[in-house]
Amino acid sequence: SMSIVTRDGVKELASPVQFNIVPLKNTTLPSTNREELVAFQKQAFEMFREISGAEGFLKDMMKRIVDIKYAINVTPEVPVELMNKADNISRELETISLKFTRSSDRPSSEENPPSPVTFDERLNVLAYTHNRSTSNITQNERNAYSALVSEFPSVLDRIKSINNIDLKNLESELEKYNAPWTPGRIPDVKLK
């Protein structure tokens, strides 16, 4: 079917019509099992979505901790222990971010062994070596996917824990001392 979407709503242009899709026979190295290839590509795309989403969320958390540290600095009543907690969270977030990407691309991982392979590098194996490919899945792609499946969940759990427990506790402490508002924190109403 075909429709057009405008400010006035959806208008159907053509009714549903049945048809079959067949792959073009213009591939140099066609896959021997197209269903497996398509299933793997869907799994790899979902993995990419999850990891890139977690990385974006991690970057937002890193910005939040910078704002929290500023709020601590400008609130004289806040004890130094809160800054120590914020520094510890900040350091842990920095360490976690190195699992996603390198802090620098120089020297490269090949020039600086044994540099650990990052999530982004493994995703690049999946995305750039097989995006829109019609060839069989390579062993490198399978290895990259398996490594991500085994390594990523624990990192995601830690990110969630820092957000849901560590940052929330720190933000609630800030609220007790009437620290300035920080992103991600809803101030309590104390007006009478």
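The structure under discussion appears in the preceding block.
Residues numbered from 1 in each chain as written. Predicted model: local features only at pLDDT ≥ 70, side-chain atom pairs only at ≥ 80, totals over all residues. Heavy atoms only, no water.

1. Remarks on the layout of surface pockets
Empty space among the atoms can be located by rolling a probe the size of a water molecule over them.
Logical step 1: For the second largest pocket, the calculated volume is near 220 Å³.
Logical step 2: When residues of the lining of the second largest pocket are traced back to their parent elements, those giving at least two are helix 2 (80–100) and helix 4 (139–176). (1 Å grid on protein atoms, 1.4 Å probe; cavity = no way out; pocket = protein on both sides within 12 Å on 5 of 7 lines; lining within 4 Å. Points joined across faces, edges and corners; volume = space filled by probe spheres on them. Helix = DSSP H or I, 4+ residues; strand = E, 2+ residues; numbered from the N terminus.)

2. Brief notes about the packing of aromatic side chains
Logical step 1: Under the definition given, this model contains four aromatic pairs.
Logical step 2: Plain terms: the ring middles of F119 and F152 are 5.7 Å apart, the flat faces sit at 85° to each other, and that makes the pair edge-to-face. Separated by 33 residues along the polypeptide, F119 in helix 3 (residues 119–130) and F152 in helix 4 bring together distant segments of the chain.
Logical step 3: Since its relative accessible area comes to 3%, F152 is described here as buried.
Logical step 4: In textbook terms, an aromatic cluster arises when at least three aromatic residues are bridged by ring pairs, as seen for F100, F119 and F152. (Phe/Tyr/Trp six-rings, centres within 6.5 Å; stacked < 30°, edge-to-face > 60°. Buried < 20%, exposed > 50% of the residue type's maximum accessible area, 1.4 Å probe, protein only.)

3. Thoughts on the packing of helix 2 against helix 4
Logical step 1: Remark: helix 2 packs on helix 4, axes separated minimally by 11 Å, with the N-to-C direction vectors making an angle of 160°. Regarding the angle of helix 2 to helix 4, the classification is roughly antiparallel. By crossing handedness, the relation of helix 2 to helix 4 is classed as left-handed. Residues L82, K85, A86, I89, E92, L93, I96, K99 and F100 of helix 2 touch helix 4, and the partners they reach there are F152, V155, R158, I159, I162, D166, L167, L170 and E173.
Logical step 2: Classifying every residue of the contact of helix 2 with helix 4 by side-chain character gives 12 nonpolar, no polar and six charged. (Axes fitted to C-alpha atoms, helices over the stretch in contact; angles between N-to-C directions. Parallel < 35°, antiparallel > 145°, perpendicular 65-115°, else oblique. Left-handed = near helix turned anticlockwise from the far one by under 90°. Contact = heavy atoms within 4.5 Å. Nonpolar A, V, L, I, M, F, W, Y, C, P; charged D, E, K, R; others polar.)

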